[in-house]
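A look at the structure
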Protein chains: 2
Amino acid sequence: MRSVYVLGASMIPFGKYPDRALDNLGRPAAIGAIRDAGIPKSDIDAAYCGTAMGGMLAGQRVLRNIGMTGIPISNVENACSSSAAAFHTAWMAVSGGHHDVALVLGVEKLTKFGGGTLPLEDEDWEVGQGMTMPALYAMRARRYMYERDLTRQQLAEIAVKAKSNGALNPYAQLRKPITVDQVLESRMIADPLRLFDCCPTGDGAAALVICDESTATRLGRRQIRVLASTLSSGHYEAGYRDITVAEISARTARAAYEMAGIGPEDVDVAEVHDAFSIAEVMYYEALGFCDPGDAPKLIDEKATHLGGRLPVNPSGGLLARGHPVGATGAAQLVEMTWQLRGETGDRQVAGAEIGLTHVTGGGISGLDHGACTINILAKVA
Amino acid sequence: MRSVYVLGASMIPFGKYPDRALDNLGRPAAIGAIRDAGIPKSDIDAAYCGTAMGGMLAGQRVLRNIGMTGIPISNVENACSSSAAAFHTAWMAVSGGHHDVALVLGVEKLTKFGGGTLPLEDEDWEVGQGMTMPALYAMRARRYMYERDLTRQQLAEIAVKAKSNGALNPYAQLRKPITVDQVLESRMIADPLRLFDCCPTGDGAAALVICDESTATRLGRRQIRVLASTLSSGHYEAGYRDITVAEISARTARAAYEMAGIGPEDVDVAEVHDAFSIAEVMYYEALGFCDPGDAPKLIDEKATHLGGRLPVNPSGGLLARGHPVGATGAAQLVEMTWQLRGETGDRQVAGAEIGLTHVTGGGISGLDHGACTINILAKVA
């Protein structure tokens, strides 16, 4: 298997762009990534576009307008994990020797649904009965608070950290710092989760260019290496389950660490799927950033803040950068590339050499996600 | 790059299943392919599901109900080419060494849209002005008839052949033979194309299991090898173009023949994307089955009929087997696997050793398709 490098990364500021068509969201991200890679677009052999609700041929619709035509283009859908899975497919294509240089795109326009609830499949009967994402995570939060002595204040600290980081990120959708009191006073969504515990909906696009080692070497750009790229689906078990445990994330993380030949203690910075404040708490444990039950301690120690021992979501995460579903995974990888290069200004994690991105999406059968994708990048030069 | 083999293939009869959820369409196809492969489902390392309009996590929704959980699952969208592109992705994963055994699924339920026009993206301004698929192919037909002396009767012969073959195929949606007169008397859709010149809409699912050479050898099933798997996107050119030429198909075919190390003269049987009768005419030329302009001669000679020198669409093709968009590519590959194994009964192409499948989908900027996928299979034992 060939080593894979990240050559270029770019994104548009996430937000609400009701007047821009999907292709006009994706285009500047794609152009930015190619420019950042420092190669002509004709050097790109294939493109993989992640979108969950962008409609047919989203990648083609974006790329035709910048003259990237006549190459293999595939669109990858894996709910929230769509563009991370597109990155994984591109990584397979490059590491497996099918292509030398590939473009990865994530693009989503949620404002086309008019805000609020996203369209759902009729056979998703649990959702039909009220098991929406906020309801699901509210139950998990309640149980975690009960089992592990997590306080409502500690939970709010996750949202405060996200918004504080987001305020430093020009690409974030929400850039206003908030206080614990503001979280606790924001309107109730699904008890105990309040508005500021939940990520916003919006639009966005992010893109990366990856390549094989010989191309990276030829270009003098052996800089950011992909140490691991892993994808899994949930087990969708019925019956009793411990809802405070994020099983799919823990399992995918183990596979990622094994592939990378590292442990969680080697991770310097992480972007995790904080769709709700409680989610980040559970992912601390699933990703091995602390022992099971110790997430509240991590919060009290501010270990995951900028300046802490393992900053998590320096971009502001889904809670502040925003969560245009299919674009999120690519945005995490863009942030991580920039972090490892030391290009993130006020939100820079000092000395970051290994970064992990984690995104998991699509609740099926209640607790289990449809797809979890974990990628690990390393600064090698 | 490792050689890849087809181990198993299955599909459900295409048709209209308004009362069955998407997962209930895909499930029997997946189970059938795994049984046909003769392996336990636990041997499958990853799954790739092609769907164009099946909604989020279509593959996961199908596979969770047969206990195929905890493996990498990705959904691939490329309009009509979706499940052929999913096959291509699976082929990359296996040939590149990432997985040994992969399931490919194609599934689509068009009856959920209530029949008639399919949902379109708002930025598809050409469609908004009337440039729908039937309109587009009607223009191509008119021009081809003018340039190449193709008669309306010859065009009808394509539909007659499709329905004649479909009548022999228990998996076809339309199984009633028709006459040239019936085609010419069927109601006008877009002049000169009439109802029987157009494929029906419907629901369907098809699945395959593929594996690397050492797995195939271990199982004693080195039987059907993938000689080539190619994917490309259109050039989406503006201005004057020769609309009688299927450029993307010709270009993708050249790449496929080069990868397979064969020429069109080596193909014994083909499944091509006959969404409209005129399409098959153009693909004869694009795929090199005859010289440009000679398709009418091929029709007169009945060369592409069962028993002819190169039978095309023995399954009945899109015109008779049906065209549940995302399921079509996989269905073509299932038919081809069965043909090369000699398992297709009355519609068997005698002595078929090399088979080509061709699917192209998603009109963008008028003539150019978003994705064309060509796979070439060979009987090796």
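Structure: above.
A quick note: this is a predicted structure, and the numbers were derived from the prediction, not measured. (Residues numbered from 1 in each chain as written. Chains lettered and ligands numbered in written order. Predicted model: local features only at pLDDT ≥ 70, side-chain atom pairs only at ≥ 80, totals over all residues. Heavy atoms only, no water.)

**Focus on the relation of the copies chain A and chain B**
Rotating chain A by 180 degrees and moving it 0.0 Å along the rotation axis overlays it on chain B with an RMSD of 0.0 Å. Those values place the two copies in the arrangement expected of a two-fold rotation axis. Among all residues of chain A, the one whose C-alpha sits closest to the rotation axis is G96(A), at a distance of 2.0 Å. Looking at the interface residues of chain A, 100% of them are also at the interface in chain B, so both copies use one shared face. (Least-squares fit on C-alpha atoms with pLDDT ≥ 70 in both. Contact = heavy atoms within 4.5 Å.)

**Describing the pairing of strand β4 (residues 101-109) of chain A**
All names here are of chain A. Most of β4 sits out of view: nine of its nine residues are buried. Residue alternation in β4 divides its side chains into two sets, V101, L103, L105, V107 and K109 and A102, V104, G106 and E108, and both sets are buried. Sheet analysis places strand β2 (residues 46-50) next to β4, joined by five bridges and oriented parallel. Residue pairing for β4: C49 is matched across the bridge by L105. Direction of pairing for β4 relative to strand β7 (residues 203-212): antiparallel, over a ladder of nine bridges. Within β7, the position partnered with A102 by the bridge is I210. (Buried < 20%, exposed > 50% of the residue type's maximum accessible area, 1.4 Å probe, protein only. Helix = DSSP H or I, 4+ residues; strand = E, 2+ residues; numbered from the N terminus. Pairing = 2+ DSSP bridges.)

**Some thoughts on the interface of chain A and chain B**
Facing 52 residues of chain A, the contacting portion of chain B comprises 52 residues. A buried area of about 4000 Å², summed over both sides, lies between chain A and chain B, and 56% of it is on carbon and sulfur atoms. Inspection of the chain A/chain B interface yields zero salt bridges. Where chain A meets chain B, there are 28 residue pairs in polar contact (both at pLDDT 80 or more). No other element matches the six residues that helix α3 (residues 82-95) of chain A contributes to the side of chain A that touches chain B. For the side of chain A that touches chain B, the class distribution of residues is 22 nonpolar, 22 polar and eight charged. With three bridges joining them, strand β3 (residues 73-77) of chain A and strand β3 (residues 73-77) of chain B adopt antiparallel strand pairing. Bridge pairing in β3(B) links N75(A) to E77(B). (Buried area = accessible area lost by both parts, 1.4 Å probe. Salt bridge = Lys/Arg side-chain N within 4 Å of Asp/Glu carboxyl O. Polar contact = N/O pair within 3.5 Å; in protein donor to acceptor, adjacent residues only side chain to side chain. Nonpolar A, V, L, I, M, F, W, Y, C, P; charged D, E, K, R; others polar.)

**Overview of the nonpolar core**
Counting 70 residues, the largest nonpolar core has F87(A), L208(A), L377(A), F87(B), L208(B) and L377(B) as the members making the most contacts within it. Look past the residues within four positions of F87(B) in its chain and what remains in contact with it is V6(B), V104(B), L208(B), I210(B), V226(B), S229(B), L333(B), N375(B) and L377(B). Residues L155(B), L193(B), L227(B) and L319(B) belong to the second largest nonpolar core, which totals 53 residues. (Core = buried A, V, L, I, M, F, W, Y, C linked by side-chain atoms within 4.5 Å.)

**Quick notes on the state of the cysteines**
Tallied over the full model, the rule gives zero disulfides over all chains. Here C49(B) is not disulfide-linked; the sulfur of C80(B) is the nearest cysteine sulfur, at 16 Å. (Disulfide = S-S within 2.5 Å.)

**Thoughts on the side chain of E77(B)**
Looking at the secondary structure, you find E77(B) in strand β3. One buried charged residue, E77(B), forms no salt bridge at all, with the nearest opposite charge on R61(A) at 6.6 Å. Only 2.6 Å separates the side chain of E77(B) from the backbone nitrogen of A79(B), close enough to count as a polar contact. Setting aside anything within four residues of it in sequence, one finds E77(B) in contact with G55(A), M56(A), L57(A), A58(A), S74(A), N75(A), T51(B), A52(B) and S82(B). (Lys, Arg positive; Asp, Glu negative; His and termini not counted.)

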